[in-house]
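Remarks on the overall topology
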Amino acid sequence: MTSHPARDAVWLADLGDRLARAGFRLLGRFEPAPDDGMPDARAGHAARAVFVVGSLSNALFEIFARSPEAADGLPDPLDRFTRRVLTRLAESEGLGIVFPFEGPPYHPFQRWTLRAGSFSRSPMGVLAHRTFGPWAGLRAALLSPEPLAVPAASPADGPCPTCSDMPCMSACPAGALSQAGYDVPRCLAYLRANPTAPCHAGCLARHACPFGRAHAQSAQAGSFHMRSFLS
Ligand code: B12
Ligand code: SF4
Ligand code: SF4
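Worth saying up front: this structure is predicted, and the values here are computed from it rather than measured. (Residues numbered from 1 in each chain as written. Chains lettered and ligands numbered in written order. Predicted model: local features only at pLDDT ≥ 70, side-chain atom pairs only at ≥ 80, totals over all residues. Heavy atoms only, no water.)

1. Overview of the domain arrangement of the protein chain
Quick note on the threshold: Domain start and stop positions are those given by an automatic or database domain assignment. By definition in these notes, contact holds between two residues if any of their heavy atoms fall within 4.5 Å. For any pair of parts, buried area is found by adding up, for both, the accessible area (1.4 Å probe) each one loses once the two are put together. We define a salt bridge as a contact between a side-chain nitrogen of Lys or Arg and a carboxyl oxygen of Asp or Glu at a distance within 4 Å. By the criterion applied in these results, polar contacts are pairs of N or O atoms within 3.5 Å in which, for protein atoms, one can donate a hydrogen and the other can accept it, and in which residues neighboring in sequence qualify only through two side-chain atoms. Put simply, DSSP marks the helices as runs of H or I at least four residues long and the strands as runs of E at least two long, and each gets a number from the N terminus on. Classes in brief: Ala, Val, Leu, Ile, Met, Phe, Trp, Tyr, Cys and Pro nonpolar; Asp, Glu, Lys and Arg charged; the others, Gly included, polar.
By domain assignment, the protein chain separates into domain 1 (9–158) and domain 2 (161–230). Between the C-alpha centres of domain 1 and domain 2 there is a distance of 23 Å. Every contact between the two is made by 20 residues of domain 1 and, on the other side, 22 residues of domain 2. When domain 1 packs against domain 2, close to 1900 Å² is buried across both sides, 69% of that on carbon and sulfur atoms. Where domain 1 meets domain 2, there are zero salt bridges. Counting across the domain 1 and domain 2 interface gives three residue pairs in polar contact (both at pLDDT 80 or more). Take the side of domain 1 that touches domain 2: its biggest share by element is four residues, from helix α2 (residues 57–64). A breakdown of the residues in the side of domain 1 that touches domain 2 according to their chemical character gives 11 nonpolar, seven polar and two charged.

Okay, here's the thing in structure tokens:
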């Protein structure tokens, strides 16, 4: 194993640039605690810093759409594309990597992402970000056996606790969102019974969120995700 430079501010900026060129986004970082259930960065080496990698759907979708996985007709093309591209990047940086689609049992990606800051859990189930709203997908966690050489940023809060009228809650035509949470069977039943409903190009509740509108899914990306949700 080659030795790698300190995980300092220059390295971090470079990592962010490399991810962005591949269509991904560095969403945050944190130092894992014992109860985070973090896997080892590599055999026998605990993860001492975690980098949460996400995507904003449209940016990733444009690059993914030109990939071999998008055209090969096999299942889970976006997950396979993500695994190929990010595994190569992780290996070149001496980092371990885990993915949100590995499971069941699944890694608690939402819990980890809340540790990285700037997100809050929305009443819809998805995490909402102060800048990106409910539009950030979670794609991987990069695990460093070396500690951070830059202080962890003090994380800002996500938007939901201060969102008084919660427009996401009243936008669902199926009534699938309530104080009790997201009623998945009700959402699915509505989508199947209404094949031309606007929801098929993207969840209307997510589109009702006033945060991160500039990052909202295109109809093309929304339809792709909704098809995979329904399959
Ligand atoms: C299983 C799963 C589902 C299941 C069940 C969700 C559930 N009730 O738990 C189903 C199929 C219903 C589902 C649907 C969707 N999901 Co989903 N799902 C997952 C998955 C693979 C595992 C969740 C899990 O069990 N984690 C293990 C527990 C221990 O970890 P946790 O972090 O503590 O998990 C919490 C969440 O599951 C949360 N939760 C509870 N209810 C709901 C409901 C929804 C809709 C979501 C998103 C989360 C959620 O509570 C758990 C306990 O704290 C995660 C990826 C992951 N690894 O986390 C994605 C994930 C949570 N899903 C995600 C999304 C976006 C969706 C959809 C909104 C869109 C889509 N992918 O098609 C849809 C909803 C459809 C719509 N109307 O738009 C994103 C959320 C991104 C974010 N910003 O938070 C994730 C992280 C996938 C990703 N790669 O980005 N999902
Ligand atoms: S509308 Fe308000 S409560 Fe709903 S996700 Fe957006 S910020 Fe959170
Ligand atoms: S996809 Fe449509 S029916 Fe399902 S939760 Fe979103 S708004 Fe409601």
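2. Remarks on the confidence of the model for the protein chain
Heads up, the rule is: Values of pLDDT, which run from 0 to 100, indicate the predictor's confidence residue by residue.
Chain-level statistics for the protein chain give a pLDDT mean of 93 and a share of 96% at 70 or above. When pLDDT is averaged over each element of the protein chain, strand β3 (residues 96–98) comes out on top at 98 and α2 at the bottom at 88.

3. Here's the deal with the site of ligand 1
Our working definition: Whether a residue is near a molecule or strand depends on its heavy atoms: it is near if one of them lies within 4 Å of it.
Near ligand 1 there are 24 residues, and of these His107, Gln110, Leu127, Ala136 and Leu138 occur at the shortest range. Note that a nitrogen atom of ligand 1 is positioned 2.9 Å from one of the backbone N or O atoms of Pro100. Arg121 has a polar side-chain atom sitting 3.4 Å from an oxygen atom of ligand 1. Only α5 (109–116), β6 (136–144), α7 (184–193) and α9 (219–230) provide two or more residues apiece to the shell around ligand 1. For the shell around ligand 1, the element with the highest residue contribution is β6, accounting for four residues. Of the residues that constitute the shell around ligand 1, the class distribution is 15 nonpolar, five polar and four charged. When residues of the shell around ligand 1 are sorted by domain, at least three fall in each of domain 1 (9–158) and domain 2 (161–230).

4. Considerations on the site of ligand 2
Ser122, Pro123, Met124, Pro159, Cys160, Cys163, Met166, Pro167, Cys168, Cys209, Pro210 and Phe211 make up every residue found near ligand 2. For the shell around ligand 2, the domains that each give at least three residues are domain 1 (9–158) and domain 2 (161–230).

5. A short note on the pairing of β6
To keep it simple, the criterion reads: Only protein chains enter the accessibility calculation, which uses a 1.4 Å probe; a residue is then buried when its area is under 20% of its type maximum, exposed when over 50%, and partly exposed in between. Only strands that DSSP links by at least two bridges are regarded as paired with each other.
Among the nine residues that make up β6, nine are buried, leaving the element largely enclosed by the rest of the structure. The sheet contact formed by strand β2 (residues 49–56) and β6 spans eight bridges and is antiparallel. Bridge pairing in β6 places Ala49 opposite Ser144. As defined by bridge partners, β3 adjoins β6 across three bridges and the pair is classed as antiparallel. Opposite Gly96, over in β6, you have Leu143 as the bridge partner.

6. So, the sheet that holds β2
Two orientations exist for strands paired in a sheet by backbone hydrogen bonds: parallel and antiparallel. Quick note on the threshold: Note on definitions: angles span 0 to 180 degrees between N-to-C directions of axes, and those axes are lines fitted to C-alpha atoms, for helices only across the stretch in contact.
With respect to topology, four strands assemble into an open sheet ordered β1-β2-β6-β3, the strand pairing being antiparallel. On the outer flanks of this sheet lie β1 (25–30) and β3, each paired with one strand and no other. Strand-to-strand, the axes of this sheet are offset by a mean angle of 25°, without reference to chain direction. Pairing analysis gives five bridges linking β1 to β2, with the strands arranged antiparallel. Note on β2: the bridge partner recorded for Arg25 is Gly54.

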